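If you want the building blocks of each chain, they are given just below.
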Amino acid sequence: MTERKNSAWSPSSRELERQGSRRAINRKQVLIAALSSLFVLGTLALVLVTSPGWQTVKSTFFDIEYGKEVLPKVLQGLWINLQLTFIGGAAIGVIALGLALLRTTKSPTLTPFRFLATAYVDIFRGAPLILIILLVGFGVPALGLKGISSNVIFLGTVAVVLTYSAYVAEVIRSGILSIHPSQRAAARSLGLSSGQTMRYVVLPQAIRRVVPPLLNDFVSLLKDTGLVSILGVTDAVRAAQINASRTFNYTPYVVAAILFLLITIPMTRYTDRAIRQRTNAQSSEGAI
């Protein structure tokens, strides 16, 4: 017994051979991937820099000194985009949840509201966002309603919220409908009311399931806030447009694109990670 406790486990020669074989395969795959990436990217770079118009493109789109000059102005505009994203995102979450609940309710009393919610989703999910921005931005001030602000940032935010609420409502509704009916039946058998079942049992599970697509919508929301520039909002896109029109140098557009990418790429990678974790969790739940 003492000898058995003191002796440490050591892999067999067969296991060591397998481990060495796996390491060799991994090294080979990494080498192939590196060489393939180097070849493809190197070829693309070579074609780009040896093209006849490369010097013109470089001075027009990739002027580093001019990019440094306009960077503070584009950053100031990007702050507007971030404000629109977070303020609009909060409003979208509340409205979309209400729409999703109305669309999934079976209460006869709420039937007209269910029809209105369905019509809302169909209209704003089907119409292009840029048209909604134009209609709200120029149509609402034309009504001359008292108490309604004509501030273009406010109107642009309203247009974005109206459109994205329809998209997010459908995502949340799909999450609610994905919950098995047995969950509701079990909750009701424990004495929970219909509202309590939705609040404490269905919604928590539904929201967890739709987190990845919600993150995708959030990334899209950040990008689409650039469309409010058509109303005259000096966001990152508008700031880039103003500076590009002064010199006919389009480097400010590249600067704005890079700033958006610096925000959206980490968010996209986080979304991919969340999707992967969700998939692994579902696989482990289904494993026997």
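Predicted, not measured: the structure shown is a model, and the values here were computed from it. (Residues numbered from 1 in each chain as written. Predicted model: local features only at pLDDT ≥ 70, side-chain atom pairs only at ≥ 80, totals over all residues. Heavy atoms only, no water.)

Counting through the fold element by element, arginine 114 comes out in helix H5 (residues 111-126). The side chain of arginine 114 sits in the buried core without any salt bridge; glutamate 170 is the nearest counter-charge, 12 Å away. Here the side chain of arginine 114 touches threonine 105 through a polar contact of 3.1 Å, landing on its backbone oxygen. Setting aside anything within four residues of it in sequence, one finds arginine 114 in contact with Leu102, Arg103, Thr105, Lys106 and Ser107. (Helix = DSSP H or I, 4+ residues; strand = E, 2+ residues; numbered from the N terminus. Buried < 20%, exposed > 50% of the residue type's maximum accessible area, 1.4 Å probe, protein only. Lys, Arg positive; Asp, Glu negative; His and termini not counted. Salt bridge = Lys/Arg side-chain N within 4 Å of Asp/Glu carboxyl O. Polar contact = N/O pair within 3.5 Å; in protein donor to acceptor, adjacent residues only side chain to side chain. Contact = heavy atoms within 4.5 Å.)

UniProt records the feature "transmembrane region" (unreviewed entry) for residues 30-49, 78-102, 123-142, 148-169 and 250-268 in the present numbering. Helix makes up 100% of residues 78-102 and strand 0%, whereas the separation of the span's terminal C-alpha atoms amounts to 35 Å. (UniProt positions renumbered as here; feature names shortened; annotations may be inferred.)

Applying the stated criterion to the full structure yields six salt bridges. Notably, a salt bridge pairs arginine 14 with glutamate 17, separated by 3.7 Å at the nearest N-O pair. Of the two residues, arginine 14 and glutamate 17 are both situated in helix H2 (residues 13-49); the distance of three residues between them amounts to about one turn of the helix. Note that glutamate 170 and arginine 125 form a salt bridge whose closest N and O atoms lie 3.9 Å from each other.

With respect to the helices and strands, glutamate 170 occurs in helix H7 (residues 152-177). When its relative accessible area of 13% is taken as the criterion, glutamate 170 is described as buried. A distance of 2.6 Å separates the side chain of glutamate 170 from the side chain of arginine 103, its partner in a polar contact. Discounting chain neighbours no more than four positions away, the residues touching glutamate 170 are Arg103, Val121 and Arg125.

It is worth spelling out the UniProt feature "domain: ABC transmembrane type-1" (unreviewed entry) in the chain at this point. The sites that carry the UniProt feature "domain: ABC transmembrane type-1" (unreviewed entry) are, in the present numbering, residues 78-271. Between the C-alpha atoms that bound residues 78-271 there is a distance of 22 Å. The span itself is 80% helix and 0% strand.

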